[in-house]
Amino acid sequence: MARIGLLRPPRLGASLRSRRNPAPKNAGFTLLELLAVIGIVVILLVLLTAVISRLPGAGDRARCTSNLKALYVGLDSHLQDRGSWPQEPMFTIEQDNERGEWWIKQLQPYDVSESAWQCPAILRLGKIQKDGTSPKIHYSPTPFDKKPETPHKWPTQPWLIEIASVHGHGPLIIFTDGSVRDFDNVMAEAAK
């Protein structure tokens, strides 16, 4: 039996190849090419730095929103279970941490941890009170009377307001329906 071979194109010799594509004498970059690459790298670094600097803020805002929603669920459960909003005793400004402890204890039976009362941005920035202490809670509950329908009576009535503006558009607020919005956006909507 005869072997049938595959047809191959003829090979070009090394001498023929070297004449058609001679190797460049200087294989380096020109100054213009080098400057263009450096410029692109610098622009990318600036953009990357801007994005990375915003990541902690976006994460803090998401965590803060999650905390407010957990507190909302705890307050709503308290309202349904006991038939009234927690009736806060009178605290002076100097007793702010005692007030925080009181609110934490009110929602502990509804699986709301102490950490849910604290905004990560406020913790990271180290916001302190006039007396040099850190506040126990970072969200201020709205006082309501004992009527069970009162907290749900007005849709624009906030349930909790963040104690500081650390997310860029004013303090975060959670409303009767469980929505979380920035103070600045709420004020802009009210002005329309």
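The present account deals with the structure reproduced in this document. These numbers come from a predicted model, not from an experiment.

Concerning the overall build of the chain
When helices and strands are tallied, the chain shows five helices and four strands. Reading the chain from its N terminus to its C terminus gives the helix and strand order α-α-α-α-β-β-β-β-α. The buried share of the chain, reckoned over its 192 residues, is 31%. Taking all contacts inside the chain whose residues are at least 6 apart in sequence as the whole, residues at least 24 apart take part in 53%. Total accessible area on the chain is roughly 13600 Å²; 61% of this is exposed by carbon and sulfur atoms.

Some thoughts on the side chain of His78
Take His78: it is sitting in helix 2 (residues 31-82). Engagement of the side chain of His78 in a polar contact is seen with the backbone oxygen of Ser84, the distance being 3.1 Å. What His78 contacts, discounting residues up to four positions off in sequence, is Gly83, Ser84, Trp85, Pro86, Gln106, Leu107 and Tyr110.

Points about the pattern of salt bridges
A full pass over the atoms with the stated rule returns six salt bridges. Residues Glu88 and Arg99 are paired through a salt bridge, measuring 2.8 Å at the closest nitrogen-oxygen approach. Taken together, the residues Glu88 in the loop between helix 2 and helix 3 (96-107) and Arg99 in helix 3 connect sequence positions 11 residues apart. The class for Glu88 is partly exposed, based on a relative accessible area of 28%. The exposure class assigned to Arg99 is buried, which follows from its relative accessible area of 14%.

Topic: unusual backbone geometry
Although it is not a glycine, Asp111 adopts a positive phi angle of roughly 60 degrees. Positionally, Asp111 belongs in the loop between helix 3 and helix 4 (120-125). Residue classification places Asp111 among the exposed positions, given a relative accessible area of 75%.

Notes on helix 3
The α-helix winds at 3.6 residues per turn, so residues separated by three or four positions along the chain end up facing the same way. Taking 1.5 Å as the rise per residue, helix 3 with 12 residues should run 16 Å; its terminal C-alpha atoms sit 17 Å apart, in good agreement. Buried within helix 3 are the following residues: Arg99, Gly100, Trp102, Trp103, Ile104, Gln106 and Leu107.

Brief notes about the pairing of strand 2 (residues 158-162)
In regular strands, side chains alternate between the two faces of the sheet. Burial within strand 2 is extensive, with four of its five residues counted as buried. Of the pairings in the sheet, the one linking strand 1 (residues 139-141) to strand 2 comprises three bridges and is antiparallel in character. Bridge pairing in strand 2 places Tyr139 opposite Glu162. Examined bridge by bridge, strand 2 and strand 3 (residues 172-175) share three bridges and lie antiparallel to one another. Residue pairing in the sheet places Ile161 in a bridge with Ile173 of strand 3.

Here we look at the pairing of strand 3
Taking every second residue as pointing to the same face, both faces of strand 3 are buried, with Leu172 and Ile174 on one and Ile173 and Phe175 on the other. Summarising the sheet, strand 3 and strand 4 (residues 180-182) pair through three bridges and their orientation is antiparallel. Each residue of the ladder has a partner; that of Ile173, found in strand 4, is Arg181. The hairpin turn running from strand 3 into strand 4, its antiparallel successor, is four residues long, and Gly178 in that turn takes a positive phi close to 90 degrees.

Criteria and thresholds
As a convention, each chain's residues are numbered from 1 in the sequence order in which they are written. With pLDDT at 70 or above as the cut-off, local features in this predicted model cover only qualifying residues; side-chain atom pairs require 80 or more to be listed or tallied, and sums for whole chains, interfaces and linings still use all residues. Water and hydrogen atoms were dropped before computing side-chain values, which therefore reflect all heavy atoms in the structure. Going along the chain from the N terminus, every DSSP run of H or I of four or more residues is numbered as a helix, and every run of E of two or more is numbered as a strand. Exposed residues in this analysis have more than 50% of their type's maximum accessible area, buried residues have under 20%, and partly exposed residues fall in between, with area computed by a 1.4 Å probe over protein chains only. Contacts were defined at the residue level, with two residues in contact if any of their heavy atoms lie within 4.5 Å. Each accessible area value is a Shrake-Rupley result obtained with a 1.4 Å probe; residue values ignore everything except the protein chains displayed when judging cover. In protein, a polar contact requires one atom able to donate a hydrogen and another able to accept it; more generally it is a pair of N or O atoms within 3.5 Å, and residues adjacent in sequence count only if both atoms are side-chain atoms. Whenever a carboxyl oxygen of Asp or Glu lies within 4 Å of a side-chain nitrogen of Lys or Arg, that contact is scored as a salt bridge. For a helix, the expected span equals 1.5 Å multiplied by the residue count minus one. Think of it this way: DSSP has to see at least two bridges between two strands before they count as a pair.

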